[in-house]
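An overview of the molecular structure
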Amino acid sequence: LDETFDGAATDRAEADRLAAAMQGKSVMFHRSYGVIVAGRTVACAFDDLYYLERAAQTQMLAMSTGQPLALVPDEVAARRKAVF
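Read on for a plain summary of the structure. Predicted model, so just to flag it, every value in this text is computed and none were measured.

An α-helical segment advances 3.6 residues per turn. Residues three or four places apart therefore align on the same side. The end-to-end C-alpha distance of helix H2 (residues 42-64), which contains 23 residues, comes to 33 Å, matching closely the 33 Å that a straight helix rising 1.5 Å per residue would cover. Two residues or fewer after H2 comes Gly-66, characterised by a positive phi angle close to 75 degrees.

Consecutive side chains of a regular strand alternate in pointing toward one face of the sheet and then the other. The alternating pattern of strand E1 (residues 27-30) places Met-28 and His-30 on a buried face and Val-27 and Phe-29 on a face that is not buried. Bridge count for E1 against strand E2 (residues 34-37) is 4 bridges, and the pairing is antiparallel. By the bridge assignment for E2, Met-28 is matched with Ile-36.

This paragraph deals with the packing of aromatic side chains. All told, the structure shown has 2 aromatic pairs when counted by the stated rule. Where Tyr-50 meets Tyr-51, the ring centres are 4.9 Å apart and the plane angle is 90 degrees; that geometry is what we call edge-to-face. Residue classification places Tyr-50 among the partly exposed residues on the basis of a relative accessible area of 39%. Through a chain of ring-to-ring contacts, the aromatic side chains of Phe-46, Tyr-50 and Tyr-51 assemble into a single cluster.

Under the definition given, this model contains 2 salt bridges. A salt bridge links Asp-16 to Arg-12, with the nearest nitrogen and oxygen atoms 3.0 Å apart. Placement of the pair is Asp-16 and Arg-12 together in helix H1 (residues 12-22), with a separation of 4 residues, close to one helical turn. Since its relative accessible area comes to 39%, Asp-16 is described here as partly exposed. Classification of Arg-12 by relative accessible area gives exposed; the value is 64%.

About the thresholds
- Residues numbered from 1 in each chain as written.
- Predicted model: local features only at pLDDT ≥ 70, side-chain atom pairs only at ≥ 80, totals over all residues.
- Heavy atoms only, no water.
- Helix = DSSP H or I, 4+ residues; strand = E, 2+ residues; numbered from the N terminus.
- Expected span 1.5 Å × (residues − 1).
- Buried < 20%, exposed > 50% of the residue type's maximum accessible area, 1.4 Å probe, protein only.
- Pairing = 2+ DSSP bridges.
- Phe/Tyr/Trp six-rings, centres within 6.5 Å; stacked < 30°, edge-to-face > 60°.
- Salt bridge = Lys/Arg side-chain N within 4 Å of Asp/Glu carboxyl O.

Here is the structure:
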């Protein structure tokens, strides 16, 4: 989570700071400005962004029901994480 991004990387220092803040990850959330997604190619970055957006939509829809959510067991989450 980047809490200091002001919405525009207008100089090299800010671009370098954002790249360092990502710590080699492909997705970084900003407190007020959405996400930055990086990838080996534009197609890879778009794919990650697309599925991130779909997951967020699904989570918001589930949360909007007001019902308790069924959490994925830790071991299932760990196996899923290993795929990526």
